[in-house]
Amino acid sequence: MNWIYRDGVGQAGRMKPEANLTGLFVPLVTPFTADLHLAEDALAALADEALSAGAQGLVALGTTAEAATLTTEERQTVVRICSAACRAHGAPLIVGVGTNDTAAALTTLRELARSGDVTAALVPAPPYTRPGEAGTLAHFTALAEHGGLPLVVYDIPYRTAQPLGTRALNTLGQLPEVIGVKYATGAIDAATMELLGSSAPGFAVLGGDDAVISPLLAAGAHGAVLASANVRTADFAELISLWHSDAAGPARRLGAELARLSAALFAEPNPTVIKGVLHAQGRIPSPAVRLPLLPASADSVRRAADLATGSAVPPPAAQRSAVRRLVGQ
Ligand SMILES: O=C(O)C1=N[C@H](C(=O)O)C[C@H](O)C1
């Protein structure tokens, strides 16, 4: 990765990594066999399929990967498989590092940095502890200064119980090692617009709330990390490129269709429905998840699977009626 000096902002003498955090990043599920062992071949296939279908990069060990219930050895295996796929495609790899223990997070970051294969770590505000904004800023500052890896801050207060205001996010964005935020506050509101209008150069805003990704891209987000993109990867990549090329009409139509898919995929705790759909499509050996997650109901999987096969961009109504006339319906 190249490192560049930043103009005017940031600490003197420290540099900001030039990582291209635009486009779609797919946080892969971790496929299991029916008896809950890691299905390594299926994971390798998913990684290759996502990158071949137009994803810019991968996220390993996200929430969607059930990282919390993987052993240390399994986590290393997942990172190794995802690294190999990213290396083969020349794509960036982001790895989730989620803990409320700053020292433990530092150890993990340094190990990942040593591998040389990881572009950045995706780090949530420390979950559960609720250290307040000042403690959270101190946590990220320690990780940025001593972890040895570029960081993407994961702002997801409904999981961590630790909100971050726009000023705190922008303060983090000034740190040379912080290259972006995965923004998943559950809303697009005045704070979102302030962030999109004020973030530092070299600091990417990546949407992480699947059902509202289309309006967030319309408002200027650089890209997205979307569990839903385990399914219909190419269409989510297309949605981002439509908004980035100002093709608002087709982007709105595709966005509305994919929002229905995301709502169906999140009808039960993530990633249970996604795994059900991938299994129904024959892409993973079982829909199995580890406790405390329970497999999704057959109804939820069926509803989402129906939407998962939808066509990419539905034609506008006028074109649809012209087509119907042509085929005599
Ligand atoms: O694992 C991820 O990365 C994501 N997880 C979110 C969640 O489960 O809350 C959803 C988002 O699409 C990406």
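Rules behind the numbers
Residues numbered from 1 in each chain as written. Predicted model: local features only at pLDDT ≥ 70, side-chain atom pairs only at ≥ 80, totals over all residues. Helix = DSSP H or I, 4+ residues; strand = E, 2+ residues; numbered from the N terminus. Contact = placed C-beta atoms within 7 Å. Buried ≥ 20, exposed ≤ 12 C-beta atoms within 10 Å, placed from the backbone. Pairing = 2+ DSSP bridges. Right-handed = clockwise from strand over helix to strand, strands pointing away. Core = buried A, V, L, I, M, F, W, Y, C linked by C-beta atoms within 7 Å. UniProt positions renumbered as here; feature names shortened; annotations may be inferred.

A. Inspection of the environment of Ala67 at higher detail. Structurally, Ala67 can be placed in the loop between strand E4 (57-60) and helix H2 (72-89). Residues Ala67 and Pro27 lie 40 residues apart in sequence; the distance between their C-alpha atoms is 11 Å. Residues contacting Ala67, with those up to four places away along its chain left out, are Leu61, Gly62, Arg75, Gly96 and Gly98.

B. Structural view of the pairing of strand E7 (residues 151-155). Within E7, 5 of the 5 residues are buried, leaving the element largely enclosed by the surrounding structure. Here E7 shows no split at all, with Leu151, Val153 and Asp155 on one side and Val152 and Tyr154 on the other all buried. Direction of pairing for strand E6 (residues 120-124) relative to E7: parallel, over a ladder of 4 bridges. Within E7, the position partnered with Ala121 by the bridge is Leu151. Handedness of the crossover joining E6 and E7 through helix H4 (residues 132-146) is recorded here as right-handed. Examined bridge by bridge, E7 and strand E8 (residues 178-183) share 5 bridges and lie parallel to one another. Residue Val153 lies in a different strand from E8, and its bridge partner there is Val181.

C. Just the environment of Glu145, in detail. Along the chain, Glu145 turns up in helix H4. What makes Glu145 partly exposed here is the crowd of 14 C-beta atoms within 10 Å. C-alpha of Glu145 to C-alpha of Gly207: the two residues are 62 residues apart in sequence and 25 Å apart in space.

D. View of the nonpolar core. One finds Leu28, Leu58, Ala60, Cys82, Val95, Ala121 and Leu151 to be the most contacted residues of the largest nonpolar core, which totals 93 residues. In this structure, Ala121 is in contact with Val95, Val97, Leu109, Leu112, Leu149 and Leu151, ignoring residues within four places of it in sequence.

E. Representation of the environment of Ala121 within the structure. In this structure, Ala121 sits in strand E6. Spatially, the C-alpha atom of Ala121 lies 14 Å from that of Gln76, the residues being 45 residues apart in sequence.

F. Spotlight on the UniProt feature "site: Part of a proton relay during catalysis" (unreviewed entry) in the protein. According to UniProt, the positions carrying the feature "site: Part of a proton relay during catalysis" (unreviewed entry) are Thr63 and Tyr128. Relative to the assigned elements, Tyr128 resides in the loop between E6 and H4. Dropping the residues within four chain positions of it, Tyr128 is found in contact with Asn100 and Ala161.

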